Amino acid sequence: MKIGELSRRTGVSPRLLRYYEEQGLLTSIRADSGHRSYDEDAPVVVRHIRALLSANLPTRVIREILPCVEGPGPQLNECVSEVLRERLRSMDDQIDELREARSLLAHLLPQEFPRQRATSPGGNRRAA
């Protein structure tokens, strides 16, 4: 299938499909005319890529684990469990660092503005 058809079937722009290809996430065959042609399973691969990106995985990690992804779900084989566990640990560390930074920042606000200190920039009330 051509890139336009893949774009229509997945809702992903041709530019983004080319980016996935540049990142080694998606493969195509080039015709003599230079046009890309994708396998019939390409829409499933693109859905897998989108799901993994939604989980905040970088393309370098997706490239590593994509061969272990199956089904329409996607379902991940055991071969990726350690990579994903490490990614979760990293995300937990980032969350902890952000919580600490937020706490420190909240304590920097003057005490005469306690209401502002407990309100996020969007206006939502949050505990400081």
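Everything that follows concerns the structure shown earlier in this document.
Residues numbered from 1 in each chain as written. Predicted model: local features only at pLDDT ≥ 70, side-chain atom pairs only at ≥ 80, totals over all residues. Heavy atoms only, no water.

Even after reading the chapter, I still don't get the packing of helix α1 (residues 3–10) against helix α2 (residues 14–22), so can you show me in this structure?
For any two helices packed against each other, the geometry is given by the interaxial angle and the distance between the axes. Relative orientation of the contacting elements α1 and α2 amounts to 105 degrees, with a least axis distance of 9 Å. Taken together, the axes of α1 and α2 lie roughly perpendicular to each other. For the pair formed by α1 and α2, the contact residues are I3, L6 and S7 on the first element and P14, L17 and R18 on the second. Counted by class, the contact of α1 with α2 contains 4 nonpolar, 1 polar and 1 charged residues. (Axes fitted to C-alpha atoms, helices over the stretch in contact; angles between N-to-C directions. Helix = DSSP H or I, 4+ residues; strand = E, 2+ residues; numbered from the N terminus. Parallel < 35°, antiparallel > 145°, perpendicular 65-115°, else oblique. Contact = heavy atoms within 4.5 Å. Nonpolar A, V, L, I, M, F, W, Y, C, P; charged D, E, K, R; others polar.)

How do you make sense of the side chain of R87 when you look at a structure like this?
Position of R87 among the secondary structure elements: in helix α5 (residues 81–108). Look at R87: it is buried, it has no salt bridge, and the nearest opposite charge is E86 at 8.3 Å. The residues contacting R87, other than those within four sequence positions of it, are N56, L57 and P58. (Buried < 20%, exposed > 50% of the residue type's maximum accessible area, 1.4 Å probe, protein only. Lys, Arg positive; Asp, Glu negative; His and termini not counted. Salt bridge = Lys/Arg side-chain N within 4 Å of Asp/Glu carboxyl O.)

What should I look at first to understand the nonpolar core in this one?
Burial of nonpolar side chains together is a common tendency in soluble globular proteins. Counting 21 residues, the largest nonpolar core has L6, L17, Y20 and L26 as its most contacted members. Sorting the residues of this core by element identifies α1, α2, α3 (42–54) and α4 (59–65) as the ones contributing at least two each. Of the residues forming this core, the biggest block, 4 residues, is contributed by α3. Every residue in contact with L6, bar those within four places of it in the chain, is listed here: M1, L17, L26, Y38, A42, P43 and V46. (Core = buried A, V, L, I, M, F, W, Y, C linked by side-chain atoms within 4.5 Å.)

Can you walk me through the packing of α1 against α3 in this structure?
Taken N-terminus to C-terminus, the directions of α1 and α3 make an angle of 55 degrees; their axes are 10 Å apart at the nearest point. Considering the angle they form, α1 stands oblique to α3. Between α1 and α3 lies a crossing whose hand is right-handed. For the pair α1 and α3, the contacting residues are L6, R9 and T10 in the first and A42, P43 and V46 in the second. Here the residues of the contact of α1 with α3 sort into 4 nonpolar, 1 polar and 1 charged. (Left-handed = near helix turned anticlockwise from the far one by under 90°.)

Mind showing me how you'd approach the state of the cysteines here?
Covalent bonding between the sulfur atoms of two cysteines is what defines a disulfide. Per the counting criterion, the structure on display carries 1 disulfide. Bridging C68 to C79, the disulfide has an S-S length of 1.8 Å. Here the residue C68 occupies a position in the loop between α4 and β3 (69–70), and C79 occupies one in the loop between β4 (75–76) and α5, the gap between them amounting to 11 residues. (Disulfide = S-S within 2.5 Å.)

Would you explain α2 in this entry?
Residues lying three or four places apart along an α-helix face the same way, a consequence of the helix completing one turn every 3.6 residues. For α2, the complete set of buried residues consists of L17, Y20 and E21. Viewed end-on, α2 has its buried residues packed into an arc of 100 degrees, placing them on one side of the element. Along α2, exposed side chains directed more than 90 degrees from the buried face belong to R15 and E22. With its phi angle positive at about 80 degrees, G24 sits one or two positions after the end of α2. (Arc of directions from axis to C-beta.)

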